[in-house]
Amino acid sequence: MVILPADFALPPAPYLVALVVGMATVLAALYRRRPPVTAATVTALAPWIAGGGALYALYQARITPVRFAPLFGSPAVYVTVGILAGGVWAAVSGRPGDSWEPSGAPAILAGCGSALLLAAVSAAALGEASTAGGGSPSVSAAIAVVSVVVTAGAWGALRSVRDVHATGTVGLLAVFGHTLDGVSTAVGYDLLGFGEQTPLSRLIIDAGAALPTADLIGAAWLFAAVKVALGVAVVALFEEYVRADPTEGYALLGLIVAVGLGPGFHNLVLFAIV
């Protein structure tokens, strides 16, 4: 069974070589500098993750310049953004890793990521304007609001039955990221006519379509529910791991954030411009 997304494709050889060299260089710099992996630094990577999702949406909408477009396809965009974020992280590695002061590593890392995200969203806004309002920005805004509300409820319910204090903002981001991905996918599939590119996700949606509730509330509600539950369950399971080994715990939990927040934000931007 194919498990990769339908649009998964490597970029042309020159771009691929540049990405491999760039990633190897950044990984070597991070290995040499060994920046602390804390809740603050992992949280500071959230704008980079969202920015990567936005850049991929621009690529799909054919808004990115042709010369640079191969760097923003799938999976190249994740490597491209990883190189940029890793380079900034390595550069600020000598600064405090737990401080949100303007001179601290998390603040600088988050600030640079926010600049990338702002640039991508601005490009999306210009692209939407150039297509004479072909997208649905109001729907994207509504999805974001609903996701925040659902996240607040899920996070509150989780904290009422289990102590997840150690996961901190990273745990909250994990729940939000997967909630955003689930809600946006459900709205895109049932209301906006978008398809689902990931085979495993399609299986869950197909299961929802086979239920008697499909005619009333759509087929993708089951996927949204699974994503919310997945975010909550992972945070609950990671609590002890983060307490025992904060470096590895926060790093792996950060990956969980990425696979939810990136696709979720990608959906928001894509819906707004297409």
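Above this text sits the structure in question.
Quick notes on the rules
- Residues numbered from 1 in each chain as written.
- Predicted model: local features only at pLDDT ≥ 70, side-chain atom pairs only at ≥ 80, totals over all residues.
- Heavy atoms only, no water.
- Helix = DSSP H or I, 4+ residues; strand = E, 2+ residues; numbered from the N terminus.
- Buried < 20%, exposed > 50% of the residue type's maximum accessible area, 1.4 Å probe, protein only.
- Contact = heavy atoms within 4.5 Å.
- Areas by Shrake-Rupley, 256 points an atom, 1.4 Å probe, with all protein chains shown as cover.
- Lys, Arg positive; Asp, Glu negative; His and termini not counted.
- Charge placed at Lys NZ, Arg CZ, Asp CG, Glu CD.
- Salt bridge = Lys/Arg side-chain N within 4 Å of Asp/Glu carboxyl O.
- Axes fitted to C-alpha atoms, helices over the stretch in contact; angles between N-to-C directions.
- Parallel < 35°, antiparallel > 145°, perpendicular 65-115°, else oblique.
- Expected span 1.5 Å × (residues − 1).
- Bend = angle between axes of the 7 residues up to and from the residue.
- Left-handed = near helix turned anticlockwise from the far one by under 90°.
- Nonpolar A, V, L, I, M, F, W, Y, C, P; charged D, E, K, R; others polar.
- Core = buried A, V, L, I, M, F, W, Y, C linked by side-chain atoms within 4.5 Å.
- Polar contact = N/O pair within 3.5 Å; in protein donor to acceptor, adjacent residues only side chain to side chain.

*Asks:* What is the right way to look at the overall build of the protein chain in this model?
*Replies:* Each helix and strand in the protein chain was counted, giving eleven helices and zero strands. Going from N to C terminus, the protein chain has its helices and strands arranged as α-α-α-α-α-α-α-α-α-α-α. Expressed along its principal axes, the backbone C-alpha trace of the protein chain runs to roughly 55 × 50 × 40 Å. Sorting the 274 residues of the protein chain into buried and exposed places 48% on the buried side. For the protein chain, contacts bridging at least 24 residues in sequence account for 75% of all contacts bridging at least 6. For the protein chain, the accessible surface area stands at approximately 13300 Å², while carbon and sulfur atoms represent 70% of it. Side chains of the protein chain give 11 positive and 14 negative charges; the mean places of these two sets differ by 12 Å.

*Asks:* Hey, could you run me through the side chain of Glu 196 in this one?
*Replies:* Mapping Glu 196 onto the fold places it in the loop between helix H7 (168–190) and helix H8 (199–209). Despite its burial, Glu 196 remains without a salt bridge, the nearest opposite charge being carried by Arg 202 at 6.3 Å. Setting aside residues up to four positions removed in sequence, Glu 196 forms contacts with Thr 185, Tyr 189, Ser 201, Arg 202 and Ile 205.

*Asks:* How should I be thinking about the packing of helix H6 (residues 137–161) against helix H11 (residues 246–273) in this particular structure?
*Replies:* For any two helices packed against each other, one specifies the inter-axial angle together with the distance between the axes. Where H6 contacts H11, the two axes come as close as 7 Å, and the packing angle between them is 155°. In this view, H6 runs roughly antiparallel relative to H11, as classed from their interaxial angle. Between H6 and H11, the residues in contact are Pro 137, Ser 140, Ile 143 and Ala 144 and Leu 268, Phe 271 and Ala 272, respectively.

*Asks:* How should I be thinking about helix H10 (residues 221–244) in this particular structure?
*Replies:* An α-helical turn contains 3.6 residues, so a residue and the one three or four places further along point in the same direction. Given a rise of 1.5 Å per residue, 24 residues ought to cover 34 Å, and the 36 Å separating the end C-alpha atoms of H10 matches this to within 8%. Within H10, the axis deviates most sharply at Phe 238, by approximately 40°. All buried positions along H10 are accounted for by Phe 223, Ala 224, Lys 227, Val 228, Gly 231, Val 232, Val 234, Val 235, Ala 236, Phe 238, Glu 239 and Val 242.

*Asks:* Is there a simple way to think about the packing of H10 against H11 in this case?
*Replies:* Between H10 and H11, whose axes approach to 8 Å, the crossing angle comes to 165°. On the basis of the axis angle, H10 is roughly antiparallel to H11. Seen from above, H10 lies across H11 with left-handed handedness. Residues Lys 227, Val 234, Phe 238, Tyr 241, Val 242, Arg 243 and Ala 244 of H10 lie in contact with H11, whose contacting residues are Pro 246, Glu 248, Gly 249, Tyr 250, Leu 252, Leu 253, Ile 256 and Val 259. For the contact of H10 with H11, the residue count by class is eleven nonpolar, one polar and three charged.

*Asks:* Even after reading the chapter, I still don't get the nonpolar core, so can you show me in this structure?
*Replies:* Soluble globular proteins: nonpolar side chains tend toward being buried together. Judged by nonpolar contacts, the single largest core of 64 residues is most densely connected at Trp 48 and Leu 55. Ranked by residues supplied to this core, first place goes to H11 with ten residues. Ignoring any residue separated from it by four or fewer positions in sequence, one finds Leu 55 in contact with Thr 64, Phe 72, Val 77, Val 81, Leu 116 and Ala 120. Of all hydrophobic cores here, the second largest spans six residues; its members include Ala 186, Ala 220, Phe 223 and Ala 224.

*Asks:* Would you mind showing me how to read the pattern of salt bridges here?
*Replies:* Proximity of charged atoms lets side chains of opposite charge pair with each other. One pass over the full model with this rule turns up three salt bridges. Between Arg 243 and Glu 239 there is a salt bridge, with its nearest N and O atoms 2.5 Å apart. Placement of the pair is Arg 243 and Glu 239 together in helix H10, with a separation of four residues, close to one helical turn. With relative accessibility at 3%, the residue Glu 239 sits in the buried group. Salt bridges sharing common partners tie together Asp 163, Glu 239 and Arg 243.

*Asks:* Sorry if this is basic, but what is going on with unusual backbone geometry here?
*Replies:* Outside of glycine, negative phi angles account for most residues, and trans bonds account for most peptide bonds. Note the cis peptide between Ser 74 and Pro 75, where omega equals 10°. Within the fold, Pro 75 resides in the loop between helix H3 (46–60) and helix H4 (76–91). Its identity is not glycine, yet Arg 34 carries a phi of approximately 50°, on the positive side. The residue Arg 34 is located in the loop between helix H1 (13–33) and helix H2 (39–44) in this model.

*Asks:* Help me understand the environment of Ala 225, please; the structure alone is not making it clear to me.
*Replies:* Here Ala 225 is to be found in helix H10. The sequence separation of Ala 225 and His 165 amounts to 60 residues, and the corresponding C-alpha distance is 24 Å.

*Asks:* So what exactly am I meant to see when it comes to the environment of Asp 163 here?
*Replies:* Following the sequence through the fold, Asp 163 ends up in the loop between H6 and H7. Residue class for Asp 163 comes out partly exposed when judged on its relative accessible area of 48%. Distance in space between the C-alpha atoms of Asp 163 and Ala 57 is 37 Å, their sequence separation being 106 residues. If we skip the residues at most four places from it in the chain, Asp 163 touches Glu 239 and Arg 243. A distance of 3.0 Å separates a polar side-chain atom of Asp 163 from the backbone nitrogen of His 165. Here Arg 243 takes part through its side chain, which lies 3.1 Å from a polar atom of the side chain of Asp 163.

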